[in-house]
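# Coordinate analysis (summary)
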Amino acid sequence: MKRISIGNISRIKAISYFGLPPKGSLFRINPDYYVPDVSVLFKDHKWYLLDNGLVDALYNEVDFISGIYQANLYQSTDPMDNNNIVVVNYSQTGTALFDAVDMAKGMWVERVQGSGVVFRPYPQMNKLPVWDESFEDLLNVRLSQCGQFIDDINHPYIEGVLQKTGAYA
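Residues numbered from 1 in each chain as written. Predicted model: local features only at pLDDT ≥ 70, side-chain atom pairs only at ≥ 80, totals over all residues. Heavy atoms only, no water.

This part takes up the overall build of the protein chain. A tally of regular secondary structure across the protein chain gives five helices and nine strands. Listing the helices and strands of the protein chain from first to last along the sequence gives β-β-β-β-α-β-β-α-α-β-β-α-β-α. When burial is assessed residue by residue, the protein chain has 44% of its 169 residues classed as buried. Long-range contacts, defined as pairs at least 24 residues apart, comprise 71% of the intrachain contacts of the protein chain with a sequence gap of at least 6. (Helix = DSSP H or I, 4+ residues; strand = E, 2+ residues; numbered from the N terminus. Buried < 20%, exposed > 50% of the residue type's maximum accessible area, 1.4 Å probe, protein only. Contact = heavy atoms within 4.5 Å.)

Written as structure tokens, this is what we have:
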């Protein structure tokens with residue numbers, strides 16, 4: 001796999017999700033590109049990517065921050081050739097998803113409707129996946145369009161997380 005870094009954006013494109021694929025959807029994972037070991041915050045049913053400098057500053061204040069996870073980001077596509085970002089965190093609830101991601105690198109996978117997070121292979125779909133030319137651009141566009149990149153310690157979500165830890169009373 002090729003490791004990539006996050007840079008500046010240069011194009012506009014609509015992206016439908018940043019997190020897990022919607023229930024009832026089919027997806028594939030690009031086996032060649034991913035972003036490993038990023039820090040993410042889950043808040044209000046959304047994932048927010050945290051700037052590395054911000055994370056370093058936060059952990060200078062406290063040893064553990066509830067709600068901030070280490071994760072990998074993957075490029076996904078759907079049968080309509082829309083490319084999106086899948087977030088899989090390293091927590092106990094997230095690590096089970098690595099199997100679904102690995103399966104989706106070689107075949108279409110369905111996120112099953114209903115309660116819970118369940119995936120199953122969908123081998124009857126034989127359409128080849130279509131990948132955007134740049135996962136890095138895709139990621140940067142998504143983060144900028146939706147305000148899902150946090151690089152300021154004074155961001156309301158960061159202040160809320162720190163208050164819960166007791167770092168700032």
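Below, the discussion takes up the environment of Glu159. Within the secondary structure layout, Glu159 lies in helix H5 (residues 156–165). Look past the residues within four positions of Glu159 in its chain and what remains in contact with it is Ile153 and Asn154.

Here the focus is the pairing of strand E4 (residues 46–50). Burial analysis of E4 places four of its five residues in the buried class, which makes it a mostly covered element. Between strand E3 (residues 26–43) and E4, which pair antiparallel in sequence order, lie two residues; one of them, Asp44, sits at a positive phi of approximately 55°. Strand direction decides the pairing type here: E4 and strand E9 (residues 149–150), joined by two bridges, are parallel. Pairing of Leu49 across the sheet is with Phe149, part of E9. (Pairing = 2+ DSSP bridges.)

Moving on to the side chain of Asn30. By the secondary structure assignment, Asn30 is in strand E3. Separated by 2.9 Å, the side chain of Asn30 and the backbone nitrogen of Asp32 make a polar contact. Residues within four places of Asn30 in sequence aside, it is in contact with Gln75 and Trp131. (Polar contact = N/O pair within 3.5 Å; in protein donor to acceptor, adjacent residues only side chain to side chain.)

The subject of this paragraph is the pattern of salt bridges. For the coordinates displayed, the defined rule picks out three salt bridges. One salt bridge connects Asp102 with Lys105, and the closest N-O pair in it is separated by 3.4 Å. With its nearest N and O atoms 2.9 Å apart, the salt bridge here joins Glu110 to Arg120. Here Glu110, found in strand E7 (residues 109–111), pairs with Arg120, found in strand E8 (residues 119–121); they are ten residues apart in sequence, far enough to count as distant. (Salt bridge = Lys/Arg side-chain N within 4 Å of Asp/Glu carboxyl O.)

Attention now moves to helix H1 (residues 52–61). Inspection of H1 places Leu54, Val55 and Leu58 among the buried residues, and these make up the whole buried set. Each buried residue of H1 sits inside an arc of 95° when the element is viewed along its axis, so together they form one side. Turned more than 90 degrees off the buried face of H1, the exposed positions are Asn52, Asp56 and Asn60. The distance from a side-chain oxygen at the start of H1 to the backbone nitrogen of Gly53 is 3.0 Å, and the residue carrying that oxygen is Asp51. (Arc of directions from axis to C-beta.)

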